[in-house]
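Structural overview for review
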Amino acid sequence: MTDRIRRHLESTVYDGPVMVLDLERVRDNYMAFAKALPDTRVFYAVKANPDPGVLNLLAELGSSFDTASVVEIDMALATGVSPDRVSFGNTIKKERDIATAFARGIRLFAVDCEAEVEKIARAAPGSRVFCRILCDGAGAEWPLSRKFGCVPEMAVDVLEHAHRLGLHAYGVSFHVGSQQADTSMWSGALAASAKIFAECAERGFQLSMVNMGGGFPTRYLKDVPAVGQYGSAIFEALREHFGNQIPETIVEPGRGMVGDAGVIQSEVILVSKKTQAEDEIRWVYLDIGKFGGLAETMDEAIRYPIRTPRDGDRMTPCIIAGPTCDSVDVLYEKVPYALPVSLSIGDMVLIEGTGAYTTTYSAVAFNGFPPLRQIVI
Ligand SMILES: *Cc1c(COP(=O)(O)O)cnc(C)c1O
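A short tour of the structure in this document, coming up. (Residues numbered from 1 in each chain as written. Predicted model: local features only at pLDDT ≥ 70, side-chain atom pairs only at ≥ 80, totals over all residues. Heavy atoms only, no water.)

A closer look at the overall build of the protein chain
Applied cut-off: Comment: elements are numbered from the N terminus, with helices defined as DSSP H or I runs of at least four residues and strands as E runs of at least two. Computation of the radius of gyration draws on C-alpha atoms alone. For the globule rule, the value is 2.2 Å times the number of residues to the power 0.38. For every residue, the accessible area obtained with a 1.4 Å probe (protein chains only) is divided by the maximum for its type, and the residue is called buried under 20%, exposed over 50%, and partly exposed between those limits. Contacts are assigned to residue pairs with any non-hydrogen atoms lying within 4.5 Å of each other. The accessible surface values rely on the Shrake-Rupley method and a 1.4 Å probe; as for residues, cover is taken only from the protein chains in view.
Looking only at helices and strands, the protein chain features 10 helices and 18 strands. In terms of overall size, the protein chain behaves like a compact globule, its C-alpha atoms giving a radius of gyration of 22 Å where 377 residues would be expected to give roughly 21 Å. Projected onto its principal axes, the C-alpha coordinates of the protein chain cover approximately 75 × 40 × 35 Å. Across the 377 residues that make up the protein chain, the buried fraction comes to 52%. When contacts within the protein chain are restricted to residue pairs at least 6 apart in sequence, those whose partners lie at least 24 apart make up 70%. In the form shown here, the protein chain has an accessible surface area of approximately 16200 Å², with 52% of it arising from carbon and sulfur atoms.

Here it is in structure tokens:
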């Protein structure tokens, strides 16, 4: 929560859930990344929050952009940045989308297998490619696990294939898992990257870049290390594994750039119980749920801080659910959430740390509920 968001919500009445995002916080976060990793280029992961206000500010501050589709590429280019500040970082791309990206001037692409290399060689000849390696996502609250990347031994072959097909085999990428609270997790992936660099050099071509992905956390209920601590751990790991030949590096923060800049205001629609028993657990139904933007509560992975106007009263464990007619639209049940006993129908609650992965995850019109509204201040 920031003072600007608090003042905004005090002075404006909204009917329905709204996410208010403070650009001053995004600016602070960008500056913190730039300071923590001074020799590393920042490619903001557009999917976390593609609002034009966010993208324009980051472009102005010097950020580059990691995109996953032609639409995201166009959003990034709409800020006025040159195409060399945009990467097509999705390893799963249609060949015609690669061709469109190439026509827009994009020359940096992610791959994780030879078939994808071949698409790029045909549709974006001469471009730079980096190969994503698997990371198990240990220690992350939102692991990205097995869907992206190949084993490091295979990456050498994939990059050699790119080299042979006339592409610029440029480097290696990994993502240690989103909301990664362990600053030491980059070290293992950097060790694997250094090995790939050495093996490619033995095969006669030189890699130059390591893309160290995202994973930098937002503070939810638990404390997380500051971005400076990530910077030091990463720098130490680079020195350990690459010695005095530290490669060009980039990072792709999404959550860590915008998560704590946003707050959702939501209304309590109903407080009820399933039996008349005195000790029966209370159900609290909000006007936002899994389909309204809180998809990351899936498996109760992300636990958002929730503030109420009655904080300080006696607390009681509650099941929190969303407003739609789908029984999976329950936010917290396996581990109930403590809320004030006095919380009542019509109360407004504030769900903090919701600047990332909320507006983009909200459904278009499930049950007729409109997508999550966003106000950028
Ligand atoms: C989603 C994504 C990111 C951003 O991850 P965060 O954990 O939000 O920082 C970065 N890089 C790639 C390739 C991604 O898919």
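Considering empty space enclosed by the protein
Inclusion rule: A cavity here means a set of 1 Å grid points, computed over protein atoms only, where a 1.4 Å probe fits but cannot escape. A pocket is an open set with protein on both sides within 12 Å along at least 5 of 7 lines, and lining residues have an atom within 4 Å of a point. Grid points are joined across faces, edges and corners, and a volume is the space filled by probe spheres set on the points. Gly falls in the polar group here, along with every residue not listed as nonpolar (Ala, Val, Leu, Ile, Met, Phe, Trp, Tyr, Cys, Pro) or charged (Asp, Glu, Lys, Arg).
Across all of its chains, the model carries one cavity of 30 Å³ or more by this definition. Estimates place the volume of the largest cavity at around 30 Å³. Lining the largest cavity are Arg132, Ile133, Cys135, Leu144, Ser145, Phe148 and His175. Here the lining of the largest cavity is composed, by residue class, of four nonpolar, two polar and one charged.

Some thoughts on the layout of surface pockets
The condition that has to hold: Per the annotation, domain bounds derive from an automatic or database assignment of domains.
Put simply, the largest pocket is a space of about 500 Å³. In terms of lining residues, the largest pocket is bounded by 31 residues, among which Lys47, Asp66, Arg132, Leu144 and Phe148 are the most central. Counted by class, the lining of the largest pocket contains 12 nonpolar, 11 polar and eight charged residues. The two domains that each donate at least three residues to the lining of the largest pocket are domain 1 (89-253) and domain 2 (260-376). The calculated volume of the second largest pocket comes to roughly 420 Å³. If you list the elements that add at least two residues to the lining of the second largest pocket, you get helix H2 (23-36), helix H9 (227-242) and helix H10 (255-258). Top element by residues in the lining of the second largest pocket is H2. It accounts for five residues. Here the lining of the second largest pocket is built from residues that sort into 12 nonpolar, four polar and eight charged.

Re the packing of aromatic side chains
Here is the rule: Stacked, edge-to-face and tilted labels apply to pairs of Phe, Tyr and Trp rings (six-membered ring for Trp) whose centres lie within 6.5 Å, assigned for plane angles under 30 degrees, over 60, and everything in between, in that order. In this analysis the charged atom, NZ for Lys or CZ for Arg, is taken to sit over a ring once it is within 6 Å of the ring centre and within 35 degrees of the ring normal.
A complete count under the given rule lists 11 aromatic pairs for this structure. Relative to Tyr285, the ring of Trp283 has its centre 5.9 Å away and its plane inclined at 20°; by these criteria the two rings are stacked. Here a set of aromatic residues connected by ring pairs shows up, and it is made of Phe33, Trp186, Phe216 and Tyr230. One residue, Arg303, lies across the ring of Tyr332, its end atom 4.8 Å from the ring centre.

Overview of the nonpolar core
Using the following cut-off: The definition of a nonpolar core used throughout is a set of buried Ala, Val, Leu, Ile, Met, Phe, Trp, Tyr and Cys residues joined through side-chain atoms within 4.5 Å.
By size, the foremost hydrophobic cluster in this structure holds 93 residues, and its most contacted members are Tyr44 and Phe174. Among the elements that line this core, the one with the most residues is helix H8 (residues 185-202), at eight residues. Split by domain, the residues of this core number at least three in each of domain 1 (89-253) and domain 2 (260-376). Discounting residues that sit within four places of it in the chain, Tyr44 has contacts with Asn49, Val54, Leu55, Leu58, Ser63, Ser64, Phe65, Asp66, Pro253, Gly254, Met257 and Val258. By size, the runner-up hydrophobic cluster in this structure holds eight residues, among which are Leu9, Val20, Val263 and Ile377.

Section: the environment of Glu118
Relative to the assigned elements, Glu118 resides in helix H6 (residues 114-123). The exposure class of Glu118 is partly exposed, given its relative accessible area of 31%. Residues Glu118 and Arg310, 192 residues apart in the sequence, show an inter-C-alpha distance of 59 Å. Glu118 has contacts with His161 and Leu165, leaving out every residue within four places of it along the chain.

Brief notes about the site of the ligand
What counts, and what does not: Being near a molecule or strand, for a residue, means having at least one of its heavy atoms within 4 Å of it. Whenever two N or O atoms come within 3.5 Å, that pair is a polar contact, provided that in protein one can donate a hydrogen and the other can accept it, and provided that, for residues adjacent in sequence, both atoms are side-chain atoms. Assignment of a molecule to a cavity or pocket requires that more than half of its atoms lie within 2 Å of the corresponding grid points.
Every one of the 13 residues lining the ligand counts as a neighbour, but Lys47, Ser178, Glu252, Arg255 and Tyr357 are closest to it. Within the backbone of Gly254, one N or O atom sits 2.9 Å away from an oxygen atom of the ligand. At 2.6 Å, a side-chain N or O of Tyr357 approaches an oxygen atom of the ligand. When isolated, the ligand has an accessible area of 390 Å², and the protein chains bury 91% of it. Among the cavities detected, the one that contains the ligand is the largest pocket. For the shell around the ligand, the class distribution of residues is three nonpolar, five polar and five charged.

Quick look at the side chain of Ser127
Relative to the elements of secondary structure, Ser127 occurs in the loop between H6 and strand E6 (128-132). The contacts of Ser127, once residues within four sequence positions are left out, are Phe102, Ile106, Arg107, Phe109, Ile120, Leu167 and His168.

Let's talk about the pattern of salt bridges
Here is the rule we go by: One side-chain nitrogen of Lys or Arg within 4 Å of one carboxyl oxygen of Asp or Glu is enough to make a salt bridge.
Enumeration over the complete set of coordinates arrives at 17 salt bridges. Asp22 serves as the salt-bridge partner of Arg4, at 2.4 Å between the closest nitrogen and oxygen. Of the two residues, Arg4 sits in helix H1 (residues 3-11) while Asp22 sits in the loop between strand E1 (18-21) and H2, which places them 18 residues apart along the sequence. When its relative accessible area of 3% is taken as the criterion, Asp22 is described as buried. Here Arg164 makes a salt bridge to Glu160, at a shortest N to O gap of 3.1 Å. Taken together, the positions of Arg164 and Glu160, both in helix H7 (residues 152-164) and four residues apart, correspond to about one turn of that helix.

Remarks on the environment of Ser327
Within the secondary structure, Ser327 sits in the loop between strand E15 (315-321) and strand E16 (330-340). With 20 residues separating them along the chain, Ser327 and Asp347 place their C-alpha atoms 23 Å apart.

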